[in-house]
Amino acid sequence: MAAAHSSREAWRAAAVGACLALGGGFAALSVWERELGRLRVLVNVGERAEGEEEFPEDESYPVHQFAEITEFLHERWAGGGEPDAWVETAEGPAAGRPGYVHQRVAALRRRGRGCCVVAPIVLHGRAWGELYVARPVGEPVFARPDADFATVLASVVAAGIAQTERLEEVRRLAYTDALTGLANRRAVDSALDEAVERHREEDVVVSLVVCDLNGLKRVNDTHGHAVGDRLLERFGSVLSLCGAMLPGALAARLGGDEFCLLAVGPSADAVVKAAEELCRRAAELELGDGVACGVASTDDPVGPVRSARRLFRLADAAQYRAKAERSAGPVVAGREGPDDPVVRLADEPSREEDGERRRFRGRHSP
């Protein structure tokens, strides 16, 4: 689990490790979703029965069918007990201190398994879910020492899950803008590099919308930064809404009043349509003065795009022109003929010599 880079990898590693350690033929990890009143299976490993998927999307069971999670275990903890594992067989309860077994017994019989050991997973002092390991019919039945070992394994799994959750939270914070909840500059850096690489290798369309929220300084100076922050949050919501028009698009705040949308796959026309909707909705915000919006896409005649830096320069130049002309809609790079002024502006050496306006570009070398 320590080497896992995602929750899925951690779940699978936990189930596989427990299955091997206990000499089982099958193992599953499930989470108790309190708000939905269900036990949801996260992963199935080993000898899966018909209909069992490794990472099921909708395999869940009403918690009342497995009442030991909510009643048996809770009552024992309340009385000062510990969350010990127990064993059940296709014939009924065996070693350990079983809870309510009829659903599990029926499941064992239905899936051709002879016995199972069930260990509750406790995280932050609360029942998080369960570790389940089963053996096929004909194999030795789990004994009390197996249940005790499963209890220890469940505590190890809980520690691994806690570590994975902490790492994912750190990663989430590292790639998220704290004010708006959108992706941040670091996330865009990474995603744009990967997208342009895909464009080079697979000719996939990559488009970038860069926009500045007009009037933020005036709002801050007149109404205070708290009101300015609310304007940024509202525009972030508008950007997210318009980004949803483009499957898989990444909506981000680059910093200050600068935002962007990264789309991989949709046509340039679809991206321009989303940008037009963005401009329209931004103009309707109560505060601020709309948005200056520039679009660049590998789907338009802008010349070869071999680096993330060039695509950003194209979108930035389009946004710069939109701001200079106070355009009510997006300016799109490459749509004004062979001598397109936006493309020419983006590729001018003087822009490199004078220093570029956006800190975002500093990461990408020529």
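In this text the structure is predicted, and so the values were computed from the model without any measurement.

Draft legend 1. Highlighting the pattern of salt bridges. Inspection of the entire model under this criterion finds 21 salt bridges. Of the charged contacts in the structure, one is a salt bridge between D177 and R253, with a shortest N-O distance of 3.3 Å. You can see D177 sitting in the loop between α4 (144-174) and α5 (185-202) and its partner R253 sitting in strand β9 (residues 250-255), a full 76 residues away along the chain. Taking the relative accessible area as the measure of exposure, D177 reaches 12% and is therefore buried. When the shortest N-O distance is used, the salt bridge between R280 and E284 registers 2.9 Å. Look at R280 and you get partly exposed, because its relative accessible area is 41%. Looking at E284, the relative accessible area reads 55%, which means it is exposed. Here the salt bridges do not stand alone but share partners, grouping E277, R280, R281 and E284 into one network.

Draft legend 2. Examining the packing of aromatic side chains more closely. Within this structure, the stated rule accounts for 2 aromatic pairs. Plain terms: the ring middles of F26 and Y132 are 6.2 Å apart, the flat faces sit at 75° to each other, and that makes the pair edge-to-face. Within this pair, whereas F26 is found in strand β1 (residues 26-33), its partner Y132 is found in strand β7 (residues 126-136), the two being separated by 106 residues in sequence. Note on F26: relative accessible area 3%, which makes it buried. When the centroid spacing of 4.9 Å and the interplanar angle of 75° are considered together, the rings of F235 and F259 count as edge-to-face. With a gap of 24 residues between them, F235 in helix α7 (residues 225-243) and F259 in strand β10 (residues 258-264) connect regions that are remote in the sequence. Judged on exposure class, the residue F235 and its partner F259 are both buried. Taking NZ or CZ as reference, R8 lies 4.4 Å from the ring centre of F55, over its face.

Reading the values: rules and limits
- Residues numbered from 1 in each chain as written.
- Predicted model: local features only at pLDDT ≥ 70, side-chain atom pairs only at ≥ 80, totals over all residues.
- Heavy atoms only, no water.
- Salt bridge = Lys/Arg side-chain N within 4 Å of Asp/Glu carboxyl O.
- Helix = DSSP H or I, 4+ residues; strand = E, 2+ residues; numbered from the N terminus.
- Buried < 20%, exposed > 50% of the residue type's maximum accessible area, 1.4 Å probe, protein only.
- Phe/Tyr/Trp six-rings, centres within 6.5 Å; stacked < 30°, edge-to-face > 60°.
- Lys NZ or Arg CZ within 6 Å of the ring centre and 35° of its normal.

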